[in-house]
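As a plain string of letters, each chain reads:
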Amino acid sequence: MPAMPTHPTRIDHDVYEAARAEDGSASERINRWARIGRELEATGSGAVVARVLAGNGSYDALAGREQAMVRAAWNERIAGAIASLDLEQELTAAGEPWAEGDEEGNLVIRGGE
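To start, this report covers the structure provided alongside it. Because the structure is a prediction, the values reported are computed rather than measured.

## Digging into the pattern of salt bridges
Thought 1: Tallied over the entire structure, the rule returns two salt bridges.
Thought 2: Between E100 and R110 there is a salt bridge, and its shortest N-O distance comes to 2.4 Å. Taken as a pair, E100 in strand β1 (residues 97-101) and R110 in strand β2 (residues 107-111) lie far apart in primary sequence, ten residues in all.
Thought 3: Note on E100: relative accessible area 33%, which makes it partly exposed.

## Observations concerning the pairing of β1
Thought 1: Pairing of β1 with β2, which is carried by five bridges, proceeds in the antiparallel orientation. Counterpart to G101 in the pairing with β2 is L107.
Thought 2: Count of turn residues in the β1/β2 antiparallel hairpin: five residues, of which G105 carries a positive phi of about 90°.

## With respect to a negative patch on the surface
Thought 1: Side chains of D12, D14, E41 and E76 sit close together on the surface and give a patch of like negative charge.
Thought 2: Checked against the element boundaries, D14 lands in helix α1 (residues 13-21).
Thought 3: Exposure remark for D14: the relative accessible area of 55% places this residue in the exposed category.

## Digging into the environment of R38
Thought 1: By the element assignment, R38 lies in helix α2 (residues 26-42).
Thought 2: Taking the C-alpha atoms as reference, R38 lies 49 Å from N106; in sequence the two are 68 residues apart.

## Some points on the packing of α1 against α2
Thought 1: It is the contact of α1 with α2, at a shortest axis distance of 8 Å, that shows an interaxial angle of 115°. Classified by the interaxial angle, the pair formed by α1 and α2 is roughly perpendicular. Once α1 is placed against α2, the crossing between them reads as right-handed. The segment α1 lies against α2, with V15, Y16, A18, A19 and R20 engaging A26, R29, I30 and W33.
Thought 2: For the contact of α1 with α2, the class distribution of residues is seven nonpolar, no polar and two charged.

Conventions we followed
- Residues numbered from 1 in each chain as written.
- Predicted model: local features only at pLDDT ≥ 70, side-chain atom pairs only at ≥ 80, totals over all residues.
- Heavy atoms only, no water.
- Salt bridge = Lys/Arg side-chain N within 4 Å of Asp/Glu carboxyl O.
- Helix = DSSP H or I, 4+ residues; strand = E, 2+ residues; numbered from the N terminus.
- Buried < 20%, exposed > 50% of the residue type's maximum accessible area, 1.4 Å probe, protein only.
- Pairing = 2+ DSSP bridges.
- Patch = residues over 30% accessible without salt bridge, like charges linked within 9 Å, V, L, I, M, F, W, Y side chains within 5 Å.
- Areas by Shrake-Rupley, 256 points an atom, 1.4 Å probe, with all protein chains shown as cover.
- Lys, Arg positive; Asp, Glu negative; His and termini not counted.
- Charge placed at Lys NZ, Arg CZ, Asp CG, Glu CD.
- Axes fitted to C-alpha atoms, helices over the stretch in contact; angles between N-to-C directions.
- Parallel < 35°, antiparallel > 145°, perpendicular 65-115°, else oblique.
- Left-handed = near helix turned anticlockwise from the far one by under 90°.
- Contact = heavy atoms within 4.5 Å.
- Nonpolar A, V, L, I, M, F, W, Y, C, P; charged D, E, K, R; others polar.

So, in structure tokens, the structure goes:
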């Protein structure tokens, strides 16, 4: 069978490390996981999972595979929300001070001027 064309992409570090820990190459493992995920999402399970993610279904009523899909989606959403946080900007705009540690672990109060 001729080789399939490939496309460079970024993979989260934890996914890459998990793939490296398995038998075979990391690339083969990630491609396999992507195919499995694609098939799962294409099944009726995808609609059930979408309802739970929209708040219109019960996580506890899902089978283990569907719960895993929901957890993966939740993890993606949480990571996105954390990445978009800019608490320093928000607190500065509100004129509120905040506390943080410096390189030596000393408490430093910032903002609120």
